[in-house]
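Residues per chain, in single letters:
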Amino acid sequence: MCSLPVPREPLRRVAVTGGTHGNEMSGVYLAQHWLQSPAELQRLSFSTVPVLANPAATAACRRYVDHDLNRTFTSSFLNSRPTPDDPYEVTRARELNQLLGPKASGRAFDFVLDLHNTTANMGTCLIAKSSHEVFAMHLCHHLQLQYPELSCQVFLYQRPGEESYNLDSVAKNGLALELGPQPQGVLRADIFSRMRTLVATVLDFIELFNQGTAFPAFEMEAYRPVGVVDFPRTDAGNLAGTVHPQLQDRDFQPLQPGAPIFQMFSGEDLLYEGESTVYPVFINEAAYYEKGIAFVQTEKFTFTVPAMPVLNPAPSPAS
C-alpha cells in the first residue's frame, strides 16, 4: 500500500469546523458554543480553533445557500478567478481555504475535524479520504478502541483518480464525524453529547501523538463506494417508490442479490439485481434526494495500516 507521509513533527494548529451544512445542528451548536467558550478545545501541545463553516446557511437553517459547501474544495473552485456572480459557497470555500489552508501547501493547518449529521442510520461514522491517510486511520482505530459500543464504522469516500472535495481536505490531515440518525434542523441531546465526547477524544489523540506515544501497525476494516442507486422514478422524474422497509435503517449491513430495496407505490417490490453482496450506506438520506441517490453502495475490505513513527515529546507552545 502506498501511504501518504505521516507527520514527523508535532501538530500545532488544529481546527474543529461545524455548520459546513447549515441544518446539521450538532456541529452548528458545538461550533457556536466553542466560539464563545473555547477552553475545552485546548490542549497543552497545540491550539484548536473553532470555525462556523457556513454562516449564511446556518442562519437560514439550510444545507447550503447556492452550492453544497462540502463539494466545493476543488482546484477548479478554489483557484478560479472570483466574480460577483460566484455562488456564496464558492466564495466561502475560498475564504476557508485561506483561513485553514491553502490546500496542499506547507502553510495549511495540521488537522481539521469537520462535524456532520445525517438523517440516515449511520450511527457513529468516521469519514476519511482513503486508506492511505495513515494518521487518520490511526485516529479512527483509536476511536474504535475507546468506544467499542459505538462501532465507529470507517467510510473512505475518495475514488481512485478523484480530487478531494470536502472541507477537511484543505488541511494536511483531516477527518469528518458523521453522526445519525438526526433530522435536519433538529438538535438531539444524545447525539450532541456523543459528538462533543468524540471531539474531545480526537484532540486527546493528537496530544498523545505530540507527546511521543507509540502507535503500532494494525489491521482495519473499512467501506469504500462502488456505486450509487437512485429511487425508482416516473417518466416525469417523480418518485415511483421509496426505500423498502427491509432495507431502511440497515446502513453498513450486507445486501444480498435478490433482496428487496424499493417498495413501489403500485404495490410491488423492486429487488437488488447486483451479482455480489454490497453494504448500503446513507440509506434514504434526506439531503441526497436532490442528488438522485437513494443509497450509496459500498464494499467492505481489510487493509494493513503501518505504524506511525514515534515523535520526540513535544514541549508546550510558548504562551
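Residues numbered from 1 in each chain as written. Predicted model: local features only at pLDDT ≥ 70, side-chain atom pairs only at ≥ 80, totals over all residues. Heavy atoms only, no water.

Draft legend 1. The arrangement of the nonpolar core in detail. By size, the foremost hydrophobic cluster in this structure holds 46 residues, and its most contacted members are Phe111, Leu113, Leu115, Met137, Leu143, Leu175 and Val199. Among the elements that take part in this core, helix H6 (residues 189-210) stands out by supplying ten residues, more than any other. Apart from the residues lying within four places of it in its own chain, the contact partners of leucine 175 are Phe111, Val112, Leu113, Asp114, Leu126, Ile127, Ala128, Leu139, Cys140, Leu143 and Asp168. In this structure, Ile127, Phe252, Val281 and Tyr288 belong to the second largest nonpolar core, which totals 17 residues. (Core = buried A, V, L, I, M, F, W, Y, C linked by side-chain atoms within 4.5 Å. Buried < 20%, exposed > 50% of the residue type's maximum accessible area, 1.4 Å probe, protein only. Helix = DSSP H or I, 4+ residues; strand = E, 2+ residues; numbered from the N terminus. Contact = heavy atoms within 4.5 Å.)

Draft legend 2. Examining the layout of surface pockets more closely. By volume, the largest pocket amounts to about 440 Å³. Contributing to the lining of the largest pocket are 25 residues, with Arg71, Phe155, Tyr157, Tyr165 and Tyr288 lying nearest its centre. At the level of elements, strand E3 (111-117), strand E6 (173-179) and strand E7 (218-229) are the ones that each hand at least two residues to the lining of the largest pocket. With three residues, E7 is the single largest residue contributor to the lining of the largest pocket. For the lining of the largest pocket, the per-class residue count stands at eleven nonpolar, six polar and eight charged. If you add up the space inside the second largest pocket, you get close to 200 Å³. (1 Å grid on protein atoms, 1.4 Å probe; cavity = no way out; pocket = protein on both sides within 12 Å on 5 of 7 lines; lining within 4 Å. Points joined across faces, edges and corners; volume = space filled by probe spheres on them. Nonpolar A, V, L, I, M, F, W, Y, C, P; charged D, E, K, R; others polar.)

Draft legend 3. Examining the UniProt feature "binding site: Zn(2+)" (unreviewed entry) in the chain more closely. As annotated in UniProt, the feature "binding site: Zn(2+)" (unreviewed entry) corresponds to His21, Glu24 and His116 in the numbering used here. Spanning 96 residues, the annotated positions come together in the fold, the maximum distance between their C-alpha atoms being 7.4 Å. Lining residues of the largest cavity drawn from the annotated list: Glu24. For histidine 21, the location among the structural elements is in the loop between strand E1 (13-18) and helix H1 (25-36). Contacts of histidine 21, omitting those with residues within four sequence positions, involve Val28, Arg62, Arg63, Asp68, Asn70 and His116. Engagement of the side chain of histidine 21 in a polar contact is seen with the side chain of glutamate 24, the distance being 3.0 Å. Among the structural elements, glutamate 24 can be located in the loop between E1 and H1. Filtering out sequence-adjacent residues up to four positions away, glutamate 24 remains in contact with Arg63, His116 and Asn117. (UniProt positions renumbered as here; feature names shortened; annotations may be inferred. Polar contact = N/O pair within 3.5 Å; in protein donor to acceptor, adjacent residues only side chain to side chain.)

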